[in-house]
Structures are given as C-alpha cells and as structure tokens.
Amino acid sequence: MARRGQKKHLKRLPAPKHWPIKRKHGKFTTKPLPGPHAKEECLTLTILLREMMGRAENMREVKAILSSGVVLVDGRPRKNPRFPVGLMDVIEITSSNDRYRLLPKTRGGFRLVSIDEDESKFKLARIQRKMMAPGGKCQLTLHDGRNILLPENMNPSDFRTLDTLVISIPEQDLLENIKMEPGAQAIVTKGRNVGMEGTIVEIEKRIGTHASTVTVQDPEGNRFQTALEYVFVLGKDQPKINLGMSGGSVE
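All values derive from a computational prediction rather than experimental measurement.

Caption draft 1: Structural view of the layout of surface pockets. Space inside the largest pocket adds up to approximately 440 Å³. Taken together, the residues of the lining of the largest pocket sort by class into 7 nonpolar, 7 polar and 5 charged.

Below you can see the structure in the form of structure tokens.
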C-alpha cells in the first residue's frame, strides 16, 4: 500500500544547512510541522530548546518542558516539539521570565536576542501579498502566514507589499505601518549579506527578469546592494526592536 501524504521524518544530512545540529550525531532529526514558516526558513521547538538554548539534553526533556505550557510563541503556548519558529517570532519562557526574538545572523541561520516585557508584546511582520477578500475588505498576507483584514477606517492604498506591520501579540491588532522607503532602518534576511543591518539609501525598481535592488548603508558607513525581497524594514528613523548589538544576543 502506498504512503499517503508527506513523510513525517527528516534525516540529519539533508536538513537545512543553517540548523545548528550535529550532522552525524544520530540519523534523524525533527521535521517541522506545516505552519507559519517554510522548512528552509524555520527551526523546530526541539532544536530551539535543545541545541540553541541548552535547556534540554534529549527529546524526553523537551517534551516535558513543552507539556507544562511554559513556552509561548507569539504569546500563545505551543506544546508540539515539531512546531516551526522563524523570523521575528517572539519566544517566551514563563517559568524563568526569559524573552527572545529570532533574528537572522550573518552567514545564515538565526540568533536569539533578549528583549524586555514591553517589546515582547508586539511583533514585526512583512506584507507578502495584498488582495480583496469576500465582502470588499482588503486582506494582507504576512510573512509568517497570518492574514489580516484591514478595518474599514483604514485606506488600503496606504499599505504596500514589503511594508512592515507592527502588530500586537497575541491579539493581532494592527498598531503601525512602516513603509519600505529611503531613510528607513532595515535588516537583510537572505542572500550574501544576510544578517547585515543599516539604513536604506536607494530603492531601484526594475521591470522584467532583472530583480529590483536596494542600497543599504551600515552603521560604519559602508554601502552594499541586495535584492529588494531580501530586505526587512525595522523602523522609520530607529529600529522598533532590540538588535542585540550590546551583548543581548544568544548564539
């Protein structure tokens, strides 16, 4: 009898290269559940707790931690070891009052940045698609799989793809819209310059097979170019979030 659906297991060797796992330490690793992030752009809660945070040594300890409901992702308790977490997700451990945000790091992968209680109450989410939903309302699809319907008092033309929304968690109320424009603060999420931060200097949009590019200036004054879809806006004049530049990052 043929197998139905996708495979439920994942071997370590073909796992995403940015996962901080030992490739030859065992044969299998946890496969992410279908959810808010693609497999190549996420980690499982098992890898987060065991390899990155060091709060567990094996799967049995991971399940014990998650079953107690002390691990919150974007304000909601998650108990499945295979639940995927990714870019800009807010991780909270209620038993120790530790709070983190997942940000891209140089050379690929993610880093955990410590945040305070006030910052753990909101999340940044990039607009991936904009469409009209039944009933004539505007629907925004975000990078983490969320779909938000704009209130009637908001003008849909004020929201464009690749803009960044500030939303409250877990309520998902729309707090602010940060536009993709010169002068905004941004971070690169993919490509050769992944993990680099700076100010958007110029946006060059092209039509056809040539990708649109963005020129970014880092805090040291160096400029570099990257693809438009690789840039994630963080704020207008200053980043809305802690970037972990003063020792708040947990590798």
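What follows continues from the structure just given.
Caption draft 2: Seen up close, the sheet that holds strand 13 (residues 164–168). The 5 strands lie next to each other as 12-11-10-13-14, forming an open sheet whose pairing is antiparallel. Each edge of the open sheet is held by one strand with a lone partner, namely strand 12 (147–149) and strand 14 (174–178). Going across the sheet, the axis of each strand differs from the next one's by a mean of 40°, ignoring polarity. Where strand 13 and strand 14 come together, 4 bridges link them in antiparallel fashion. Within the sheet, the bridge partner assigned to Thr-164 lies in strand 14 and is Ile-178.

Caption draft 3: Looking closely at the nonpolar core. One finds Leu-48, Val-85 and Met-88 to be the most contacted residues of the largest nonpolar core, which totals 50 residues. A total of 5 residues in this core trace back to one element, the largest contributor, which is helix 1 (residues 45–52). Ignoring sequence-local partners within four residues, the contact set of Met-88 consists of Arg-101, Leu-102, Leu-103, Lys-123, Leu-124, His-143, Ile-187, Phe-232, Leu-234 and Ile-241.

Caption draft 4: Quick look at the packing of aromatic side chains. Following the criterion strictly, the structure yields 0 aromatic pairs and no others. Taking NZ or CZ as reference, Arg-101 lies 5.5 Å from the ring centre of Phe-122, over its face.

Caption draft 5: Main features of the pairing of strand 11 (residues 137–142). A large share of strand 11 lies buried, amounting to 5 of its 6 residues. Relative to strand 11, strand 10 (residues 122–133) is paired through 6 bridges, and the arrangement is antiparallel. Opposite Ile-127, over in strand 11, you have Leu-142 as the bridge partner. Taking the residues that link successive antiparallel strands as the turn, the strand 10-strand 11 hairpin has 3 residues, and the phi of Gly-135 there is positive, at about 100°. Pairing between strand 11 and strand 12: 3 bridges, direction antiparallel.

Reading the values: rules and limits
Residues numbered from 1 in each chain as written. Predicted model: local features only at pLDDT ≥ 70, side-chain atom pairs only at ≥ 80, totals over all residues. Heavy atoms only, no water. 1 Å grid on protein atoms, 1.4 Å probe; cavity = no way out; pocket = protein on both sides within 12 Å on 5 of 7 lines; lining within 4 Å. Points joined across faces, edges and corners; volume = space filled by probe spheres on them. Nonpolar A, V, L, I, M, F, W, Y, C, P; charged D, E, K, R; others polar. Pairing = 2+ DSSP bridges. Helix = DSSP H or I, 4+ residues; strand = E, 2+ residues; numbered from the N terminus. Axes fitted to C-alpha atoms, helices over the stretch in contact; angles between N-to-C directions. Core = buried A, V, L, I, M, F, W, Y, C linked by side-chain atoms within 4.5 Å. Buried < 20%, exposed > 50% of the residue type's maximum accessible area, 1.4 Å probe, protein only. Contact = heavy atoms within 4.5 Å. Phe/Tyr/Trp six-rings, centres within 6.5 Å; stacked < 30°, edge-to-face > 60°. Lys NZ or Arg CZ within 6 Å of the ring centre and 35° of its normal.

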